[in-house]
Amino acid sequence: MSADYFAEFAPVRYEGADTVNDLAYRWYDKDRIVLGKRMEDHLRFAVCMWHTFCWPGSDVFGAGTFSRPWHAGANDASAARAKREAALAFVEKLDVPFYCFHDVDVMADAEGIGAFRKSFAEAVDHLEALQHQHGRKLLWGTANLFSHPRYMAGAATNPDPEVWAWAASQVRDALEATHRLGGANYVLWGGREGYDTILNTEVGTELDNFGRFLSLVVDHKHRIGFTGTILIEPKPHEPTKHQYDFDTQTVYGFLKRFGLEDEVKVNIEANHATLSGHTFEHELAMARALGIFGSIDANRGDHQNGWDTDQFPNSVEELTLAVLELIRAGGFTTGGFNFDAKVRRQSIDAVDLFHGHIGGIDTIAHALITAEAIIGDGRLDSFRAERYADWQGALGRSIHAPGATLAQIADIAIDRDLAPVRKSGRQEWCENQINRF
Ligand code: XLS
Ligand code: CA
Ligand code: CA
């Protein structure tokens, strides 16, 4: 098995907007200072293992199309090793700082809990060496609690507590591995935490068990001294019809119920936001408003179909709105932009992986530069601030004064015979401010 799948590719470098080199960055200039910070530190890009190195290019109608060398036979120890080596080499060639994985992405297949743990432990030892060799870091780790048939009815929401306990074993190991590898975050995407029919489902029991799981994960994080962030990744449906972590506001309610709102943040995926009927920037703005913004899975859906296509982002305009929200949220602390995106099934060559990532990285870098210009211009932000300025005035302050009652405020309206003057929301003007840049 070839040890260096990407041997023919030179490291990808910034060459500026006028370059004709397809394998160079036009916008991502990692050392460029934008809004007082290096671009690399703003954007904290990560490559994901699952789409880029594990998925063979299969779909529901057909087999894999990619012919990566590590997919030639069984996913045994040597195939898994080759896959890990290719992944870290690729991340270094792209010259982005981070990668992300599920336990099963990085290890050889293993049935039985003992064999599973041993196989994962071997992978983690190797990853530690590879991170050092390639100078790359882990943005987040996670456990895959949805692919194995045991999880067909969920993991922490499974009717069978034995499945819950199996999931506990996987999450303990994946969390401890993330800690050991210096990971900045640990993600929980509720893969099959939801249901298909209410006829066979006790949602109350499932939510209690789900809350218990999350509470014990947070407890374990503190027991082992992991200082990274625990992230929940909302998604409204797929694979189950009703996923419990529907969107950011739903997740916040769940966290509040279990007293975890200061412990857990959200990992917002663009395509999951649109599947829930929101925009990407809505989910980011909501996470900021609720104080639970954590990290981002960058991708896009398809405007004409309703499933999770996980394409690379390619609209500077859409990403500008997202990056504006990111900046308003104060930027990333432990989070980053993870490319939870895959090349299309007909894009079978190694070079296609470069095209996908370079395009996504440049789109987001360009959006950051655009957002900087919009913020520098200041007119959009001033307009928004002005719209809410009266909340700093006397009436706004009395509404929020401790002890104020509904009746008192109602009496103010009556006594002063208030007749609010309508002011334009200027939506088209706002949209023009984005398009100007
Ligand atoms: C699937 C999710 C998944 C999470 C990690 O839709 O995006 O890939 O990011 O489990
Ligand atoms: Ca994701
Ligand atoms: Ca997705």
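Each value, and the rule that gives it
Residues numbered from 1 in each chain as written. Chains lettered and ligands numbered in written order. Predicted model: local features only at pLDDT ≥ 70, side-chain atom pairs only at ≥ 80, totals over all residues. Heavy atoms only, no water. Pairing = 2+ DSSP bridges. Helix = DSSP H or I, 4+ residues; strand = E, 2+ residues; numbered from the N terminus. Axes fitted to C-alpha atoms, helices over the stretch in contact; angles between N-to-C directions. Contact = heavy atoms within 4.5 Å. Donors = N, O, S within 2.8 Å, 3.2 Å for Na, K, Ca; no water. Buried < 20%, exposed > 50% of the residue type's maximum accessible area, 1.4 Å probe, protein only. Lys, Arg positive; Asp, Glu negative; His and termini not counted. Salt bridge = Lys/Arg side-chain N within 4 Å of Asp/Glu carboxyl O. Polar contact = N/O pair within 3.5 Å; in protein donor to acceptor, adjacent residues only side chain to side chain. Phe/Tyr/Trp six-rings, centres within 6.5 Å; stacked < 30°, edge-to-face > 60°. Lys NZ or Arg CZ within 6 Å of the ring centre and 35° of its normal.

If you walk around this closed barrel you meet the 8 strands as E3-E4-E5-E6-E8-E10-E11-E12, and the pairing is parallel. Averaged over neighbouring strand pairs, the angle between their axes works out to 30 degrees when direction is ignored. Bridge analysis of strand E3 (residues 45-48) against strand E4 (residues 98-102) gives 3 bridges, and the strand direction is parallel. Within the sheet, the bridge partner assigned to Cys48 lies in E4 and is Cys100. Against the sheet, helix H7 (residues 203-224) contacts strand E6 (185-189), strand E8 (229-233) and strand E10 (264-269), and its axis sits at roughly 155 degrees relative to E8. Most of the contacts of helix H12 (residues 350-377) go to strand E12 (residues 337-339), to which it runs at about 155 degrees, and overall it touches E3, strand E11 (293-298) and E12.

Moving on, we come to the coordination of the calcium ion (ligand 2). Each pair of donors in an ideal octahedron of six around a metal sits at 90 or 180 degrees, and each pair in an ideal tetrahedron of four sits at 109.5 degrees. In the first shell of the calcium ion (ligand 2), the protein supplies Glu233 (OE), Glu233 (OE), Glu269 (OE), Asp297 (OD) and Asp340 (OD), at 2.1 to 3.1 Å from the metal. When its relative accessible area of 6% is taken as the criterion, Asp340 is described as buried.

A few words on the coordination of the calcium ion (ligand 3). Donor atoms from the polypeptide that bind the calcium ion (ligand 3) are Glu269 (OE), His272 (NE2), Asp308 (OD), Asp308 (OD), Asp310 (OD) and Asp310 (OD), placed at 2.2 to 3.1 Å. Look at where the donors of the calcium ion (ligand 3) fall in the sequence and you get E-x2-H-x35-D-x1-D. The distance between the calcium ion (ligand 3) and the calcium ion (ligand 2) comes to 4.7 Å, with Glu269 serving as a donor to both metals. Taken as a pair, Glu269 in strand E10 and Asp310 in the loop between E11 and helix H11 (316-328) lie far apart in primary sequence, 41 residues in all. We classify Glu269 as buried; its relative accessible area is 1%. Asp310 sits in the buried class, given a relative accessible area of 5%.

So, about the side chain of Thr19. Note on placement: Thr19 falls in the segment before strand E1 (33-34). Judged by its relative accessible area of 13%, Thr19 falls in the buried class. Beyond its immediate stretch of four places on either side in the chain, Thr19 contacts Ala24 and Arg26.

The next point concerns the side chain of Glu193. Position of Glu193 relative to the elements: it lies in the loop between E6 and strand E7 (194-195). Here Glu193 sits buried without a salt bridge, and the closest side chain of opposite charge, Arg192, lies 9.1 Å off (N-O distance). Among the polar contacts made by the side chain of Glu193, one reaches the main-chain amide nitrogen of Ala156 at a distance of 2.8 Å. Side chain to side chain, Glu193 and Thr157 meet in a polar contact 2.6 Å long. Non-local contacts of Glu193, meaning those with residues more than four positions away in its chain, are made with Gly154, Ala155, Ala156, Thr157, Phe210, His242, Gln243 and Tyr244.

For the structure on display, the rule yields 29 aromatic pairs. Ring geometry for Tyr5 and Phe6: centres 4.9 Å apart, planes at 75 degrees, overall edge-to-face. For Tyr5, a relative accessible area of 18% gives the class buried. Judged by centre distance (5.1 Å) and plane angle (55 degrees), the ring pair of Phe254 and Phe258 falls under tilted. Judged by its relative accessible area of 11%, Phe254 falls in the buried class. In this arrangement the basic side chain of Arg68 is found over the ring face of Phe66, its NZ or CZ atom lying 4.4 Å from the centre. The aromatic ring of Trp166 is capped on one face by Arg150, whose charged end is 3.4 Å from the ring centroid.

Here we come to the pairing of E8. Where burial is concerned, most of E8 is hidden: 5 out of the 5 residues are buried. Pairing of E6 with E8, which is carried by 5 bridges, proceeds in the parallel orientation. Counted as the bridge partner of Trp189 is Glu233 from E8. As judged from the 3 bridges shared by E8 and E10, these two strands associate in the parallel manner. In the sheet register, Ile230 faces E10, and the bridge partner there is Val264.

By themselves, these are just geometric observations and shouldn't be taken as functional.
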